[in-house]
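Residues per chain are reported as follows:
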Amino acid sequence: DIVMTQSPLSLPVTPGESASISCRSSQSLLYSNGYNYLHWYLQKPGQSPQFLIYLGSNRASGVPDRFSGSGSGTDFTLKISRVEAEDVGTYYCMQGLQTPLTFGGGTKVEIK
Amino acid sequence: QVQLVQSGAEVKKPGASVKVSCKASGYTFTSYGISWVREAPGQGLEWMGWINAYNGNTDYAQNLQGRVTMTTDTSTTTAYMELRSLTSDDTAVYYCARFRVWGYYMDVWGKGTTVTVSS
C-alpha cells in the first residue's frame, strides 16, 4: 500500500496570512499520462469531507482561488493564501494512483 | 444539485451485520462509481472500497475482504454497504461518496451514517 505522510499535524494560523501543508507519498504518484494522482480534502468540524483539489493542482468546482495545490512525484503542497475563519478544519491528502486508496493522517488548521 | 443521502444511525451488537444505504440524485448514476470511507472516533479517514454503478464491479480494501459487500440498485439510484461480523473496532461514521473512475477520487460526499457496535 502507498503510505501518505502529512505535516504538520497541527497548524495555527492568523487570518489573512498564508498556510502551507506538506504531503509525501511512499512512491511516485506521477502516472504515465502526466497526471499526479494526488487529491486534497477539507473536513470542517462536524461535517463530512469536502473536495478541494484533484490531480495535484486542479481546484474543484466552487473552491476559492486562495487554495492552490502543487508538487509532483512524491512531494506535494497545499497552500492557503489569505486564510479565513471558515478555512478551519482538518485537511487530508489522498492518493488515487492505486487501490487501496490511502489518506494522509490529516493536518488540523486552527485560527490563532 | 448532486446529492447523496445516507440512512440513519445504527446501533448493533458484536457479531451482527449492518447495511447502510446511500440514495444518489442530481446526476446520471451509472456514469460514476460509489466509494465508501469510514472514520473511527479520533481517527482519520479509511477507504473501504468502491463499486462501479455501471457494471457492479467492486474493489474492496484487503482488510475488509470477506466481511464487506457493496451493491447498487440502478432502478432507485441507491448504493448499499453491508458489513458483517461487527466488532467494536467497526464503530465509526461511514460515508458514501461519488467516485470518479477517471482520476480515482471522490468529489461529492454524503453526510455520513454513525454505526455504533456495543454489547
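Residues numbered from 1 in each chain as written. Chains lettered and ligands numbered in written order. Predicted model: local features only at pLDDT ≥ 70, side-chain atom pairs only at ≥ 80, totals over all residues. Heavy atoms only, no water.

## Points about the overall build of chain B
Assigned secondary structure in chain B consists of 0 helices and 11 strands. Going residue by residue from the N terminus, the α and β elements of chain B occur as β-β-β-β-β-β-β-β-β-β-β. In terms of overall dimensions, chain B is globule-like: its C-alpha atoms have a radius of gyration of 13 Å, near the 14 Å expected for 119 residues. C-alpha extents for chain B along the principal axes are approximately 40 × 25 × 25 Å. Within chain B, buried positions represent 45% of all 119 residues. (Helix = DSSP H or I, 4+ residues; strand = E, 2+ residues; numbered from the N terminus. Rg over C-alpha atoms; globule rule 2.2 N^0.38 Å. Buried < 20%, exposed > 50% of the residue type's maximum accessible area, 1.4 Å probe, protein only.)

## Quick word on the interface of chain A and chain B
How big an interface is tends to be stated in terms of the accessible area lost upon association of its parts. The partner chain B presents 19 residues to the 18 residues of chain A that form the contact. For the pair chain A and chain B, the summed buried surface comes to about 1600 Å²; carbon and sulfur atoms form 69% of the total. Looking at the side of chain A facing chain B, the largest losses of area belong to Pro49(A), Leu101(A) and Phe103(A), adding up to 30% of the total buried there. At the surface where chain A touches chain B, the tally comes to 0 salt bridges. Counting the contacts that link chain A with chain B gives 7 residue pairs in polar contact (both at pLDDT 80 or more). Breaking the side of chain A that touches chain B down by element, the ones donating at least two residues are strand S4 (38-43), strand S5 (50-54) and strand S9 (89-95) of chain A. Looking at which element gives the most residues to the side of chain A that touches chain B, the answer is S4(A), with 3 residues. A breakdown of the residues in the side of chain A that touches chain B according to their chemical character gives 12 nonpolar, 6 polar and no charged. (Contact = heavy atoms within 4.5 Å. Buried area = accessible area lost by both parts, 1.4 Å probe. Salt bridge = Lys/Arg side-chain N within 4 Å of Asp/Glu carboxyl O. Polar contact = N/O pair within 3.5 Å; in protein donor to acceptor, adjacent residues only side chain to side chain. Nonpolar A, V, L, I, M, F, W, Y, C, P; charged D, E, K, R; others polar.)

## A short note on the packing of aromatic side chains
Enumeration over the complete set of coordinates arrives at 15 aromatic pairs over all chains. Aromatic pair Tyr35(A) and Trp102(B): ring centres 5.6 Å apart, planes at 80°, arrangement edge-to-face. Taken together, the positions of Tyr35(A) in the loop between strand S3 (19-25) and S4 and Trp102(B) in the loop between strand S9 (92-100) and strand S10 (105-109) put the pair across two chains. With a centroid separation of 6.4 Å and an interplanar angle of 80°, the aromatic rings of Tyr92(A) and Phe103(A) are classed as edge-to-face. Note that Tyr92(A) is positioned in strand S9 and Phe103(A) in strand S10 (residues 102-103), a separation of 11 residues in sequence. Comparing Tyr92(A) with Phe103(A) shows no difference in burial state: the two are buried. Following the ring pairs from residue to residue traces out a cluster consisting of Tyr41(A), Phe51(A), Tyr54(A), Tyr92(A), Phe103(A), Tyr95(B), Tyr105(B) and Trp109(B). Over the ring of Tyr80(B) we find Lys19(B), and its NZ or CZ is 5.0 Å from the ring centre. Here Arg98(B) stacks its cationic end above the ring of Tyr32(B), 4.0 Å away from the centre of that ring. (Phe/Tyr/Trp six-rings, centres within 6.5 Å; stacked < 30°, edge-to-face > 60°. Lys NZ or Arg CZ within 6 Å of the ring centre and 35° of its normal.)

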